[in-house]
Structure formats: structure tokens, C-alpha cells
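Commentary on secondary and tertiary structure
Each chain is listed here by its residues.
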Amino acid sequence: MRYGGQTGNVRERRYEMPVDLAALLGPHQHGGYDPTWRRTGDGAFWMTKRTPDGPGTLRLTRHGGQAWGAGASWLLDSLPGLVGADDDLSGFTVHHEVLKGLAVPRIGRSGLVFEALVPAVLEQKVVGREAWRAWRYLLRKYGTQPPGPAPEGMRVMPEPEVWRQIPAWDWHRAGAEAVRARTIATAAWHAAKLEAAADSASLDRLLRALPGIGVWTSAEVRQRCFGDADAVSVGDFHLAKIVGWALTGEKADDAEMMRLLEPYRGHRHRACVLVGLSGLRPPARGPRLSARDYRSF
């Protein structure tokens, strides 16, 4: 990649090669109406982020990126990591026939822990629609206006201090019960230490020392923040069944999934992403779980 110029309040960085932005940026989206993520009709992807330098807005196309705000330089400097340019594919070999011929996915990294942690906690043990509704409510209520020409309705995630001060009634209105609210508020007190973690293993130890954060949440955060290609979301409601079905034709539990993924050690999360790309899933049995409305409890 190479830098372009700076025009007014916008900074630009051009790609030397096109990348699959939808696949790389998709994991950072939390629901179809995520206030921090948007894809517009011209094919561009917009993201808002609270960087170490301040808030920023990022617009990406297959040919380059533009950024606005105090965090613009940080966003463009970290762009190679976000789009998977720094991802190390060495050592990855496909061991199952059903996965051969598929393009090996790259894993991007945001470099921002708390941005990944809050939605991961909201997604603990609930259906996606319930978690995404809470995320939208809290961002619209407490998020800030993004810099630059961001699409209408986008918001920048609030600072950790704000998450610590959200009153119980707004957590309730968002549809998040006290356990998840407490987990996020507690993590917010330790946000600086979490952001300073040197690597994925260090972050895992710090995260799992906090009440309410286990192996699933830690993996979800490390996948997005560090691009950890080996962080498997053990405990996910669907993942083990999907991996087992794709690789053996039978549903699996977590222990069996990890046995099946052992040949991919070092890239086990990448192997799970590849399984998802295969489209192989067990047949649906019965209706999907519906989203609860905690506000009515």
C-alpha cells in the first residue's frame, strides 16, 4: 500500500491491489443496522472507530481508503492489518477434501480491544437480534457524531468512562440484563490495560481474569482485535455442529470439534471460517430461537 495525499480534512491511502473487503470487514459488523458500520450503494464500506488518537471515520473501497477526524492517521496507518495484508498464511494446509479448492481466507485485525469486547459481551448466550438491538440502542443513545461525511445515523462508540456510567434503566431499555451490563462496566475500568496487551495470549489472560468473560468472549475479541487465526469460539451455540457436519457429516460437540480442528493448530479459527465458506450446514430442525425482550421482564 502507499499513501496518497491530504485534501482538506480528509486523508487518503491507496491500495496497490484489490482486497475482498466484504469478507474481511464483515466480522466487525454487529447486525444489519450497526451504527458503526455501513455499506453504501456505491459499494463503499464505512466504519467509525474510537482510536487511541480520538474518533475517526473510515471509508474503504477496493482501491483505497479515506479517513476523517482526530483518528484519521491512526486508521490509515493500521489499514494493512484491518484488510489482512499482515496476516501470515504460512503453515496452513487444508486437510479435509470438502474444503479443498476454496480460497483460504485472510483474517484482519482492528487493533482495538474494547471496540470488540462490548458487542461480544452483549452477544453472550443470546440470539444475535437481541444483542444487536441492545448495541444499536446504546450507540444511538451514548455514541457521538462521527467526523467527516459519514452516512446519516452512524455513531462513534463512546469512551470506556461513558460505559461505566450508563444507568441501570438504560441497560434495561437496551434489553441487556444486569450480568452483561456489569461485565461491560467492569471491563471498562480495565480498558487501558486491555488495550495495552502485547499479544493475543496476553490479552486472553487479562480478559479471562475479569468476571463474566470466558473462553468464547475472549476468542471473539481476539479474532477481531489481533486477527488471531487460532482463536476458536468454543461454546458457540452453532459452531461445533456446523464444523462437525461439514467435516464428518455428523453434528459435533465442542470437544469433538477441537479434535477435528487439531490438524489446523495455529490456524483453527481460519479453518472454521473456511468451513463457513463451504456452505455446509446441518439441516434445520424446528423453528429458530426468537429474540427475547428483556425490557418486558
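Residues numbered from 1 in each chain as written. Predicted model: local features only at pLDDT ≥ 70, side-chain atom pairs only at ≥ 80, totals over all residues. Heavy atoms only, no water.

- Under the annotation held in an unreviewed UniProt entry, the chain carries the name 3-methyladenine DNA glycosylase and is attributed to Nonomuraea recticatena.

Some thoughts on the side chain of T183
- Position of T183 relative to the elements: it lies in helix α8 (residues 178-189).
- Residue class for T183 comes out buried when judged on its relative accessible area of 4%.
- If sequence neighbours within four positions are ignored, T183 has contacts with V121, P211, G212 and I213. (Helix = DSSP H or I, 4+ residues; strand = E, 2+ residues; numbered from the N terminus. Buried < 20%, exposed > 50% of the residue type's maximum accessible area, 1.4 Å probe, protein only. Contact = heavy atoms within 4.5 Å.)

Some details on the confidence of the model for the chain
- Confidence in the prediction for the chain averages 93 pLDDT; 92% of positions are at 70 or higher.
- Here residues 1-8 is a poorly scored stretch, pLDDT under 50, and it has 24 contacts once near neighbours within four places are set aside; other chains count. (pLDDT = per-residue confidence, 0-100.)

Section: the packing of helix α4 (residues 113-122) against α8
- The contact between α4 and α8 brings their axes to 9 Å, and the two run at 165 degrees. Taken together, the axes of α4 and α8 are roughly antiparallel relative to one another. You can see that α4 and α8 cross each other, and the crossing is right-handed. Together, F114, L117, V118, V121 and L122 of α4 and R180, T183, I184, A187 and A188 of α8 make up the contact between the two elements. (Axes fitted to C-alpha atoms, helices over the stretch in contact; angles between N-to-C directions. Parallel < 35°, antiparallel > 145°, perpendicular 65-115°, else oblique. Left-handed = near helix turned anticlockwise from the far one by under 90°.)

What to know about the environment of D230
- With respect to the helices and strands, D230 occurs in the loop between α11 (215-225) and α12 (239-248).
- In this structure, the C-alpha to C-alpha distance between D230 and R140, residues 90 residues apart in sequence, is 34 Å.
- The residues contacting D230, other than those within four sequence positions of it, are Y264, R265, G266, H267, R268 and H269.

Quick notes on α11
- Across the 11 residues of α11, 10 count as buried, placing the element largely inside the fold.
- On the buried face of α11, the contacting elements are α4, α10 (200-208) and α14 (268-278).
- With its phi angle positive at about 60 degrees, G227 sits one or two positions after the end of α11.

A word on the pattern of salt bridges
- As enumerated under the stated definition, the model contains 17 salt bridges in all.
- Here R50 and E159 are joined by a salt bridge, their closest N and O atoms 3.5 Å apart. Within this pair, whereas R50 is found in strand β4 (residues 45-51), its partner E159 is found in the loop between α5 (128-142) and α6 (160-165), the two being separated by 109 residues in sequence.
- Here E159 falls in the partly exposed class, since its relative accessible area comes to 35%.
- Among the charged side chains, a network of salt bridges with common partners joins D204, R208, R222 and D228. (Salt bridge = Lys/Arg side-chain N within 4 Å of Asp/Glu carboxyl O.)

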